[in-house]
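Close look at the chain arrangement
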Amino acid sequence: SWIDVSLVVEGETLKIIYFLLQTSQVPIQEAAVKCLSEIVLKGMSGGDKIALAEYMNLTSVFEAVCQRGRIDSFFGKACCVLNNLGYSLSQQVSLNPNNREIHAQVVQYTSTVLLPHLINFLKVLSGQARQLRIGNDFWEESLNSLLPFIGSFFELARGMREELNSEQVSFMGLFFVICLD
């Protein structure tokens, strides 16, 4: 956590982290995804954090994890990356209540980029819930790791409802239906 984030996300280091995510050795995969989780927790402004997430192409990680469709320790740690990113962005709004620019950036990025991935993670969890039963540790850990982001997202949406366009409102309605499924 103490290392300068620019050293970790420079081209070669990031390539190594993404290479390690694809290895068949689970402890190495988990360490690589844990590194990504720590990177998105670094303190920075909302706009800088969004730019970092886009530079790191975290959406490709979220897509690959959901396509695997397996709920295991790696899936749970990938849920933590999504949670850390979404929750920390929501906190930027709380820390800057009068900054409409930060609000707009966070709402736009969260509703158009992160929310679809959150829905995909929840669909994987929902699809596996019937097979794994709720007592499965990986299932419960994965869901629990997403709860802070889900809660902060609803709080963010509630505070910004006047500024949401109809597409964002519809998408949030879909999200709510999936959460209740």
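Refer to the structure above for everything that follows.
The notes below deal with the structure included here. (Residues numbered from 1 in each chain as written. Predicted model: local features only at pLDDT ≥ 70, side-chain atom pairs only at ≥ 80, totals over all residues. Heavy atoms only, no water.)

Here we look at the overall build of the protein chain
The following threshold applies: Numbering of helices and strands runs from the N terminus, with a helix taken as a DSSP run of H or I at least four residues long and a strand as a DSSP run of E at least two residues long. For each residue, the accessible area found with a 1.4 Å probe, counting protein chains only, is set against the maximum for its type, and the residue is called buried under 20%, exposed over 50%, and partly exposed in between. Whether two residues touch is decided by their heavy atoms; if any such pair falls within 4.5 Å, the residues are in contact. Note on areas: these come from Shrake-Rupley sampling with a 1.4 Å probe, and a residue is covered only by the protein chains present in the view.
Counting secondary structure elements, the protein chain contains nine helices and zero strands. Tracing the protein chain from N to C terminus, the helices and strands come up as α-α-α-α-α-α-α-α-α. Scored against the burial criterion, the 181 residues of the protein chain give a buried share of 46%. If you take every contact in the protein chain between residues at least 6 apart in sequence, the share linking residues at least 24 apart comes to 72%. Of the roughly 9,600 Å² of accessible surface on the protein chain, 57% is carried by carbon and sulfur atoms.

Here we look at the pattern of salt bridges
Defined as follows: Salt bridges are counted wherever a side-chain nitrogen of Lys or Arg sits within 4 Å of a carboxyl oxygen of Asp or Glu.
For the coordinates displayed, the defined rule picks out three salt bridges. The closest approach of N and O atoms between glutamate 38 and lysine 34, which form a salt bridge, is 3.0 Å. Linking glutamate 38 with lysine 34, this pair stays in helix 3 (residues 26-41), spanning four residues, or about one helical turn. In this structure lysine 34 comes out as partly exposed when scored by relative accessible area, which is 44%. Linking arginine 68 and aspartate 72 is a salt bridge whose minimum nitrogen-to-oxygen distance equals 2.7 Å. Looking at aspartate 72, the relative accessible area reads 19%, which means it is buried.

Quick look at the nonpolar core
The line we're drawing: Within this scheme, the nonpolar core is defined by two criteria: the residues are buried Ala, Val, Leu, Ile, Met, Phe, Trp, Tyr or Cys, and they are joined through side-chain atoms within 4.5 Å.
In this structure, Leu36, Ile39, Met56, Leu58, Phe121 and Leu146 are the most contacted members of the largest nonpolar core, which totals 50 residues. Contributing elements (two or more residues each) for this core: helix 1 (5-8), helix 2 (11-21), helix 3, helix 4 (46-56), helix 5 (58-68), helix 6 (73-95), helix 7 (100-132) and helix 8 (137-160). Among the elements that make up this core, the one with the highest residue count is helix 7 (twelve residues).

Side note on the packing of aromatic side chains
For the record, the criterion: Here a Phe, Tyr or Trp ring, Trp counted by its six-membered ring, pairs with any other such ring whose centre lies within 6.5 Å, and the pair is stacked when the planes are under 30 degrees apart, edge-to-face when over 60, and tilted otherwise.
Throughout the structure, instances matching the rule amount to three aromatic pairs. Ring geometry for phenylalanine 75 against phenylalanine 121: centres 5.2 Å apart, planes inclined by 40°, an arrangement best described as tilted. Highlighted residues: phenylalanine 75 in helix 6 and phenylalanine 121 in helix 7, separated in sequence by 46 residues. Across the pair, phenylalanine 121 and phenylalanine 75 agree in class, each one buried. Ring geometry for phenylalanine 149 and phenylalanine 153: centres 6.4 Å apart, planes at 70°, overall edge-to-face. Here phenylalanine 149 and its partner phenylalanine 153 are both found in helix 8, four residues apart, which amounts to about one turn of the helix. For the residue pair phenylalanine 149 and phenylalanine 153, the accessibility class agrees, reading buried in each case. Put simply, the rings of Phe62, Phe75 and Phe121 touch in pairs and so form one group of aromatic residues.

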